[in-house]
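Analysis of the macromolecular model
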Amino acid sequence: MRIQSAELRHLRMGLKSPFETSFGVEVDRECLILRLEGDGHLGWGECVADRAPGYCYETTGTAWHVLTEFMLPQMLGRSLVSPAELRQVLRSIRGHPLARAAIEMALWDVHGHAQGASLARLFGGRGGRVEVGVSVGIQPNVDRLLRVVGDYVAEGYTRVKLKIKPGRDMVEAGAVRQAFPDLRLQVDANSAYTLEQARVFREMDGLGLLLIEQPLAEDDLLDHARLQAQLQTPICLDESILSARHARQALELGACRIINIKPARVGGYAEAIAVHDLCREQAVPVWCGGMLETGIGRAANLALASLPGFTLPGDISATDRYYDVDIAAPRFSLNEDSTINVPDGPGLGVSIDLDALDRFTLRRAVL
Ligand code: OSB
Ligand code: MG
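This text gives an overview of the structure that appears in the document.

Procedures and definitions
- Residues numbered from 1 in each chain as written.
- Chains lettered and ligands numbered in written order.
- Predicted model: local features only at pLDDT ≥ 70, side-chain atom pairs only at ≥ 80, totals over all residues.
- Heavy atoms only, no water.
- Pairing = 2+ DSSP bridges.
- Helix = DSSP H or I, 4+ residues; strand = E, 2+ residues; numbered from the N terminus.
- Axes fitted to C-alpha atoms, helices over the stretch in contact; angles between N-to-C directions.
- Near = heavy atom within 4 Å.
- Polar contact = N/O pair within 3.5 Å; in protein donor to acceptor, adjacent residues only side chain to side chain.
- Areas by Shrake-Rupley, 256 points an atom, 1.4 Å probe, with all protein chains shown as cover.
- Contact = heavy atoms within 4.5 Å.
- Phe/Tyr/Trp six-rings, centres within 6.5 Å; stacked < 30°, edge-to-face > 60°.
- Buried < 20%, exposed > 50% of the residue type's maximum accessible area, 1.4 Å probe, protein only.
- Parallel < 35°, antiparallel > 145°, perpendicular 65-115°, else oblique.
- Left-handed = near helix turned anticlockwise from the far one by under 90°.
- Nonpolar A, V, L, I, M, F, W, Y, C, P; charged D, E, K, R; others polar.
- Salt bridge = Lys/Arg side-chain N within 4 Å of Asp/Glu carboxyl O.

1. So, the sheet that holds strand β2 (residues 24-38)
Taken together, the 4 strands give an open sheet; going across it, the order is β3-β2-β1-β15, and neighbouring strands pair in antiparallel fashion. Sheet topology places β3 (41-47) and β15 (361-366) at the edges, where each strand pairs with a single neighbour. Put simply, the sheet's adjacent strands are angled 25° from each other on average, direction ignored. Bridging between β2 and β3 involves 7 bridges; their strand directions are antiparallel. In the strand pairing of β3, Arg35 is matched with Trp44.

See below:
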């Protein structure tokens, strides 16, 4: 496979409702969309970095810079046998996993078209349908939270994740648990707490949560291990796991019992599969996280989530949960059993709506 040209776009898309987390509110979703062309095939990739460095240090701005100035020039014109080789090609560039993952995704799409194979098949997944949940942002008050959760439950979601932050945690989670005693419920703090605030998690231990996601700082495995030792509820790490090595060390330390796999956060699908394989060997459950992806990233995440170790529902909700207008078709919808179908066409298995793409584009570069 040899990629001859690339087109990078910076997009802004309106979200159906603002998404509030412990690190801020997102009203619009910004992202970068990459189109690669090589061997007579097109491939699309999404860089899930947001406008602001709230979830991680990367932004649409840093990803634009590192992709156009360093990564794409280094990759264009080189011959690759498999997208997994991108790691080698970019080995002199440090960090920026979200930018890296966008190139890899587009390479998988090109590769899939060249082979006539779906991403699910290339990744070693089963295809079919995968179980999903919905991630609910912090709401203005508890009544509103109960209504929003109730609406999602009525739509068919059987697993709900609540975003929490200090002062907006136990009361909220307790109210949802009381109103929905059988709901599979979990919380995500996005690193907003310190070990000194552990009391709230010991209280939440009585709520029968599936997991508590990333309570403490992203660079603090040791305190996560100390917190896990105080809890029955499994800790799940998101921000802390940047590679299969981090996963191995976190599990060895007892810093978590479950891992949220976000392909972008670990630099791409090849590394995401490596994290999956390691966890599967150790019988550690994993699930596929989300970054409010467009239909492009969502298609690839569904393919990944069809690997056998993804035994918990992913943050891969229906298109309707995020966007009135998306850039990929068909839209993803929720089946009656809280699943979404894995695309089975070649590559990503979606087609791109070029008119919508143009309408959302803020800037564009051709390499
Ligand atoms: O921490 O899982 C997170 C969205 C943006 C950044 C971080 C996170 C999230 C979500 C949304 O929880 C998951 C989704 O795409 O539905
Ligand atoms: Mg998270």
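Read on for the rest.
2. So, the site of ligand 1
Taken together, the neighbourhood of ligand 1 is formed by 15 residues, with Lys161, Lys163, Asn190, Leu292 and Tyr322 sitting nearest. Lys161 has a polar side-chain atom sitting 3.0 Å from an oxygen atom of ligand 1. Between ligand 1 and Lys262, the relevant distance is 3.0 Å, taken from an oxygen atom to a side-chain nitrogen or oxygen of the residue. When the free accessible area of ligand 1 is taken as 390 Å², the share hidden by the protein chains comes to 99%.

3. Some remarks on the sheet that holds strand β10 (residues 258-261)
Pairing between sheet strands relies on hydrogen bonds along the backbone, with the strands arranged either parallel or antiparallel. An order of β5-β6-β7-β8-β9-β10-β11 is seen for the 7 strands of this open sheet, with the pairing classed as parallel. Whereas interior strands pair on both sides, the edge strands pair on one side only; in this sheet they are β5 (134-136) and β11 (286-288). Where β5 meets strand β6 (residues 159-163), 3 bridges bridge the pair, whose relative direction is parallel. Looking at β6, one finds that Val136 is bridged to Leu162. Along the sheet, helix α5 (residues 142-155) makes contact with β5 and β6, crossing β5 at roughly 170°. Across the sheet, helix α10 (residues 269-281) lies against β10 and β11, angled at about 165° from β10, the strand it touches most.

4. Things to note about the packing of aromatic side chains
Throughout the structure, instances matching the rule amount to 6 aromatic pairs. Note on Phe23 and Tyr55: the rings are 6.5 Å apart at their centroids and 55° apart in plane angle, and the pair reads as tilted. Separated by 32 residues along the polypeptide, Phe23 in the loop between β1 (5-21) and β2 and Tyr55 in the loop between β3 and α1 (60-75) bring together distant segments of the chain. By relative accessible area, which is 31% here, Phe23 ends up partly exposed.

5. Regarding the packing of α1 against helix α3 (residues 97-115)
At a minimum axis distance of 9 Å, the contact between α1 and α3 shows a crossing angle of 50°. For the element pair α1 / α3, the angle class is oblique. Along this stretch, α1 crosses α3, giving a crossing that reads as right-handed. Contacts between α1 and α3 involve Ala63, Val66, Leu67, Met71, Leu72 and Met75 on the former and, on the latter, Ala99, Arg100, Ile103 and Leu107. Looking at side-chain class alone, the contact of α1 with α3 contains 9 nonpolar, no polar and 1 charged residues.

6. Topic: the pattern of salt bridges
Taken as a whole and judged by the stated rule, the model has 23 salt bridges. Here Lys161 makes a salt bridge to Asp315, at a shortest N to O gap of 2.6 Å. Here the residue Lys161 occupies a position in strand β6, and Asp315 occupies one in the loop between α11 (295-305) and β12 (328-329), the gap between them amounting to 154 residues. Assigned by exposure class, Lys161 and Asp315 land together as buried. One salt-bridge network, held together by shared partners, links Arg159, Lys161, Lys163, Asp188, Glu213 and Asp315.

Don't take any of this as a statement about function, it's just geometry.
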